[in-house]
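Residues per chain, in single letters:
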Amino acid sequence: MNSSVTRRTFLKGSAATAALAATGAGVCSLGAWQAEVAHAEGSYERKEGASLCNGCSSKCGLVATTLGGQLFTLRGSDVHPYAKGTICGRGHGVAQIAYSDERLTQPMRRAADGSFEAIDWDTAFSEIGAKVKDILAKNGPEALAIVQDPRPSGKEYSKRFINALGSANIYTHGAACNSSKEAGFAQTIGTGNFSVDFGNSKMVVFIGRSYGDGIRPSSVQSLAAAADKGTRIVIVDPRLNNSGIFATDWVSIKPGTDLAFLLGICNVLIEEDLYDHEFVEQNAVGFDEFAAQAKEYTPAWAEQQCGVPAATIEEIARALAKAAPAAAVEASWRAAFGCAHQNSFDTARAVTAVNALLGSWGAKGGALLTSSPKAGDIDKQKFPSAPKPEAKRVGDKEYPLAPSGMGSNLAVLQAALDGAMKGVFFYNSNAVQGYAQPKVWREGLEKTDLVVTIDVQMSETALASDYVLPECTYLERMELPEFIGGKKHYVAMRTQVLEPIHPETKPCDEIFAGLAEACGVGEYFPFTVEELAAAQLETVGVSLDELKEKGIVELPDPGFEYKTPKFKTPTEKFQFSSEAVGEAGLNPVIGWMPRLVEPKQGEFYLVGGKQGIHSHTMTQNVATMNAISREYGLERAWISAQDAADLGIADGDMIEIASSEHTGQVAARVTQRMRPGVVFLPTHYGGSSPYQSRAYEFGLNMTDFVPFHMEPGTGATMSQEVAVTVRKVEA
Ligand SMILES: Nc1nc2c(c(=O)[nH]1)N[C@H]1C(S)=C(S)[C@@H](COP(=O)(O)OP(=O)(O)OC[C@H]3O[C@@H](n4cnc5c(=O)[nH]c(N)nc54)[C@H](O)[C@@H]3O)O[C@H]1N2
Ligand SMILES: Nc1nc2c(c(=O)[nH]1)N[C@H]1C(S)=C(S)[C@@H](COP(=O)(O)OP(=O)(O)OC[C@H]3O[C@@H](n4cnc5c(=O)[nH]c(N)nc54)[C@H](O)[C@@H]3O)O[C@H]1N2
Ligand code: SF4
Ligand SMILES: [Mo]
């Protein structure tokens, strides 16, 4: 991993050298450097630049201050609707990757013995180009795919690149995040997400969503404000999560059975005639079938399935009805039904059904559908787009309910295992560690002819690739505009805040343009990112210069109003029943389906979740974050006090967790905040790339424990369909 120019040699000659030398410039040098520099602030040139955080999908707006060209501090954009003046802890941590001693600094090629050697860009491009052409000639464009976590530029460039090669195989990380949820919502309300009107709501129910753990600054602020106003906040979770301080109720539930809880609520609302007749009659289809089916889902039945007392279900249903329409079940994000269980899709549909019965769609204090802006058409001559690929995206036939903007990235894995997928690109994605069973990913990727990963670190996915291409970090590049919807509309962007720290890294627009050229389709990239950004912005009446300076600009007011929305479903109504779901081989009417894997006597459910200071798999090697995790034992597995007593486990003891796929050891956190019978693993640990030395083999990676399987209809990863055993490790 040595590059010709290390961080140390680069810094030599920069204004920061003296301060760095004074601190000893350890791996955590940024904070110490800041302290030193603060003394001598006046002697450095101070600049501010706008960007969007790369810590997670929220991409919060921020302003970065540099001193003498070195990153000094970050603050959240006051205008950006997700940041509202703040970036979260991991936003600060992620920025430090720029200065990491374990960054990727040069293109790498994997040798037959698995080791990596540094190569130059020309060699990397020409060898990848030759292999792509070979795959195109032998297997056709359907054998090529790209998997990514969409970044503002990535969205455009990777699509152009893969389409130019004749393939429609573009996938996001969605199948391991929120694709089942978006798929379910699409069928009932015609769009993948909604928001709760927190400021005006009287009661909100969270189904396995924790604003206090899975952070977005604006969400945390809205929750805190709602709690202050006395909003009733119900957390449904097998764990009393860190939103607990804002909550009025903790409903402890069996993982993967939230569908029964929601159907139980629907049953009470219908049977006790507490539902909004006007909404149902005028704005919904399929209610009669749904109501007939829901007769079975009595609170007593629901209690049997989900372990929540019937009386609790009844009380919550009645309280929601009383607060309606200023009440809602919140949309959630990943945990319970984003991609976790066999029944995630219907759980998502059931969430929206409760809101429909409450008449809360579009109501003040209820569940809101807002619109999103986008760039208009741009000059086709100057920015020629590739012809629409002939073949459909791989997986769309088998998993027709997967959201069109996401697809199921596991279909790529399946096709690789079957020998049909021959070349896979990963962009800003650690699929091997995070999207499904890592062993199976490695096996699948071994069967291909070409794997290329574009990353900033030697991730587990990079480690399983033939070529690794180093991108510069988000602070070192400008990207295309990012459009943001909601009650108000905005456009924001990343500007280049730092000069390149490692000269052999490149921004993604240059990487994709270089790949395209080498693969013989360079004609679709005859423009610079500046030109494309300016053209896109022109369509919404914003100049590139203005956006570069401000980082975010508000667009014309979309005129949001409280009123029943026109749902973008085929019937233009709320759909308790959908033809498309029937065609996909599932029950067209929202109804019960059990979880797939039921723990046997003596086994446990395994659930996962976020921690405030980490993002997915990406931050575990950041020196400061890793140090905090080690100091506070954040990698520990949570187990209930009752189970711990039964198994003779004391707080801090090492335990062994085993599933059909994997066995691993970690310390136990014994707590009253866990439902008995359930073990919780934080999802940010268990790194298996030795190039990331701080994260390597620290804690456990939940994905290792879960068998490879795909949710019917959506092709999501079913990240929690697993049972485990737990025992104390004798010293
Ligand atoms: N700190 C941090 N914040 C993040 C991210 C991050 O990586 N780190 N990533 C962002 C992204 S991309 C996402 S998708 C969101 C995720 O945000 P969330 O979906 O809120 O994330 P989780 O922490 O995975 O899960 C929340 C809770 O669900 C509970 N849970 C698990 N299984 C079940 C179940 O079957 N039923 C119920 N009712 N509860 C269950 C867990 O115990 C946990 O407390 O966070 C966003 N914000
Ligand atoms: N083990 C585990 N698996 C998970 C999750 C988890 O918390 N833990 N979370 C789930 C959820 S909610 C989601 S949304 C997905 C997220 O899945 P991903 O979007 O794949 O997120 P990460 O796992 O953090 O991997 C991001 C990769 O991008 C790289 N990267 C960071 N910055 C840049 C950059 O500027 N350019 C490029 N090219 N690469 C960059 C990081 O080094 C890392 O390898 O994962 C899901 N799977
Ligand atoms: S929530 Fe935190 S990590 Fe995610 S984009 Fe915003 S500041 Fe960055
Ligand atoms: Mo996610």
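None of these values were measured; they are calculated from a predicted model. (Residues numbered from 1 in each chain as written. Chains lettered and ligands numbered in written order. Predicted model: local features only at pLDDT ≥ 70, side-chain atom pairs only at ≥ 80, totals over all residues. Heavy atoms only, no water.)

J.: How should the packing of aromatic side chains be read in this particular structure?
T.: Within a pair of aromatic rings, the relevant descriptors are the distance that separates the centres and the angle that separates the planes. Counted by the stated rule, this structure contains 28 aromatic pairs. Ring centres of Phe161 and Phe512 lie 5.9 Å apart, and the angle between their planes is 50°; on these two criteria the pair is classed as tilted. Residue Phe161 is found in helix H6 (residues 152–164), and its partner Phe512 is found in helix H19 (residues 508–518); the two are separated by 351 residues along the sequence. By the burial criterion, Phe161 is buried, and Phe512 matches it. A ring pair is formed by Trp301 and Trp592, whose centres lie 5.3 Å apart and whose planes are at 90°; its orientation type is edge-to-face. (Phe/Tyr/Trp six-rings, centres within 6.5 Å; stacked < 30°, edge-to-face > 60°. Helix = DSSP H or I, 4+ residues; strand = E, 2+ residues; numbered from the N terminus. Buried < 20%, exposed > 50% of the residue type's maximum accessible area, 1.4 Å probe, protein only.)

J.: I would appreciate a short explanation of the site of ligand 3 in the present structure.
T.: The local shell around ligand 3 holds 13 residues, among which Cys53, Cys56, Lys59, Cys60 and Cys88 are the closest. Residue composition of the shell around ligand 3, by class: 7 nonpolar, 3 polar and 3 charged. (Near = heavy atom within 4 Å. Nonpolar A, V, L, I, M, F, W, Y, C, P; charged D, E, K, R; others polar.)

J.: Please explain the site of ligand 2 as it appears in this structure.
T.: Taken together, 29 residues lie near ligand 2, and Gly434, Tyr435, Asp455, Thr617 and Thr683 sit nearest. The side chain of His173 places a nitrogen or oxygen atom 3.1 Å from an oxygen atom of ligand 2. Contact distances for ligand 2 include 2.6 Å between an oxygen atom and a side-chain N or O atom of Asp455. A total of 910 Å² of accessible area belongs to ligand 2 in isolation, and the protein chains cover 97% of it. Elements supplying a minimum of two residues to the shell around ligand 2: helix H16 (431–434) and strand E16 (450–455). Broken down by class, the residue content of the shell around ligand 2 amounts to 8 nonpolar, 15 polar and 6 charged. (Polar contact = N/O pair within 3.5 Å; in protein donor to acceptor, adjacent residues only side chain to side chain. Areas by Shrake-Rupley, 256 points an atom, 1.4 Å probe, with all protein chains shown as cover.)

J.: Please explain the sheet that holds strand E20 (residues 552–554) as it appears in this structure.
T.: Two modes of strand pairing occur in sheets, parallel and antiparallel, and in both the strands are linked by backbone hydrogen bonds. Within the open sheet, the 3 strands sit side by side as E18-E19-E20. Their pairing is antiparallel. What marks the edges here is a single partner per strand, and that holds for strand E18 (482–484) and E20. Mean inter-strand twist for the sheet, computed between neighbouring axes without regard to direction, equals 20°. The pairing of E18 with strand E19 (residues 490–492) spans 3 bridges and is classified as antiparallel. Bridge pairing in E19 places Phe483 opposite Val491. (Pairing = 2+ DSSP bridges. Axes fitted to C-alpha atoms, helices over the stretch in contact; angles between N-to-C directions.)

J.: I keep staring at the pattern of salt bridges and nothing clicks. Help me out?
T.: Pairing is possible between side chains that carry opposite charge, provided their charged atoms lie close to one another. Here the structure, examined in full by the defined rule, presents 32 salt bridges. Between Glu271 and Lys295 there is a salt bridge, and its shortest N-O distance comes to 3.4 Å. Placement of the pair is Glu271 in helix H9 (residues 258–271) and Lys295 in the loop between helix H11 (287–294) and helix H12 (299–306), with a sequence separation of 24 residues. On the basis of relative accessibility, which here comes to 42%, the residue Glu271 falls in the partly exposed class. Looking at Lys295, the relative accessible area reads 51%, which means it is exposed. We note a salt bridge from Asp651 to Arg636, for which the minimum N-O separation is 3.9 Å. Of this pair, Asp651 sits in the loop between helix H24 (641–647) and strand E24 (654–658) while Arg636 sits in the loop between helix H23 (623–632) and strand E23 (637–640), and the two are 15 residues apart along the sequence. With a relative accessible area of 19%, Arg636 lands in the buried category. Counted as one network, the salt bridges with shared partners bring together Glu471, Arg477, Glu479 and Arg494. (Salt bridge = Lys/Arg side-chain N within 4 Å of Asp/Glu carboxyl O.)

J.: I tried to follow the packing of H6 against H19 on my own but got confused; where do I start?
T.: Any two packed helices are characterised by the angle at which their axes cross and by the distance between the axes. At a minimum axis distance of 9 Å, the contact between H6 and H19 shows a crossing angle of 5°. Between H6 and H19, the angle is such that the two are roughly parallel. Facing H6, whose interface residues are Ser153, Gly154, Tyr157, Ser158 and Phe161, H19 presents Cys508, Asp509, Phe512, Leu515 and Ala516. Across the contact of H6 with H19, the residue classes break down as 6 nonpolar, 3 polar and 1 charged. (Parallel < 35°, antiparallel > 145°, perpendicular 65-115°, else oblique. Contact = heavy atoms within 4.5 Å.)

J.: Help me understand the nonpolar core in this model?
T.: Soluble globular proteins: nonpolar side chains tend toward being buried together. Membership of the largest hydrophobic core comes to 71 residues, with the highest contact counts inside it found for Phe261 and Phe290. At 10 residues, H9 tops the list of elements feeding residues into this core. If sequence neighbours within four positions are ignored, Phe261 has contacts with Val205, Ile207, Val236, Val251, Ile253, Cys306, Val308, Ile313 and Ile316. Formed by 51 residues, the second largest nonpolar core is a distinct cluster that contains Val132, Ile135, Leu144 and Val529. (Core = buried A, V, L, I, M, F, W, Y, C linked by side-chain atoms within 4.5 Å.)

J.: In this structure, what is going on with the UniProt feature "domain: 4Fe-4S Mo/W bis-MGD-type" (unreviewed entry) in the chain? I would like to understand it.
T.: Annotation from UniProt places "domain: 4Fe-4S Mo/W bis-MGD-type" (unreviewed entry) at residues 46–102. Note that residues 46–102 is 12% helix and 37% strand, and that its end C-alpha atoms are spaced 27 Å apart. (UniProt positions renumbered as here; feature names shortened; annotations may be inferred.)

J.: What should I look at first to understand the environment of Ile313 in this one?
T.: Considering the arrangement of structural elements, one finds Ile313 in helix H13 (residues 310–323). Here the alpha-carbon distance between Ile313 and Ala300, two residues 13 residues apart in the chain, equals 9.1 Å.

J.: Help me understand the sheet that holds strand E15 (residues 423–427), please; the structure alone is not making it clear to me.
T.: One open sheet holds the 7 strands; their spatial order is E5-E4-E17-E16-E15-E6-E7, and the pairing between them is mixed. Each edge of the sheet is formed by a strand with only one pairing partner; in this case those strands are strand E5 (116–118) and strand E7 (170–172). Neighbour to neighbour, the strand axes of the sheet diverge by 20° on average, direction disregarded.

J.: Where do I start with the side chain of Thr188 in this structure?
T.: Within the element layout of this structure, Thr188 appears in helix H7 (residues 179–189). Separated by 2.9 Å, the side chains of Thr188 and Thr352 make a polar contact.

J.: Honestly, the pairing of E16 in this entry has me stumped. Any pointers?
T.: Within E16, 6 of the 6 residues are buried, which leaves it mostly tucked inside the rest of the structure. Burial along E16 is two-sided: the residues Leu450, Val452 and Ile454 and Val451, Thr453 and Asp455 are all buried. Pairing analysis gives 5 bridges linking E15 to E16, with the strands arranged parallel. If you follow Tyr427 over to E16, its bridge partner there is Ile454.

J.: Sorry, what's going on with the pairing of strand E26 (residues 678–682) here?
T.: In summary, the side chains of a regular strand alternate between the two faces of the sheet. For E26, the buried fraction is high: 5 of the 5 residues fall into the buried class. Note that strand E22 (residues 604–609) and E26 share 5 bridges and pair parallel. Directly across from Leu606, in E26, lies its bridge partner Val679. As paired strands, E23 and E26 are joined by 2 bridges and run antiparallel to one another. Across the sheet, residue Trp638 finds its bridge partner in E26, namely Phe680.

J.: When you look at the side chain of Asp237 in this model, what are you seeing that I'm missing?
T.: Take Asp237: it is sitting in the loop between strand E10 (232–236) and strand E11 (249–251). The side chain of Asp237 is buried and forms no salt bridge, while Arg239, the nearest opposite charge, is found at 4.8 Å. Of the polar contacts made by the side chain of Asp237, one reaches the side chain of Asn241; its length is 2.7 Å. (Lys, Arg positive; Asp, Glu negative; His and termini not counted.)

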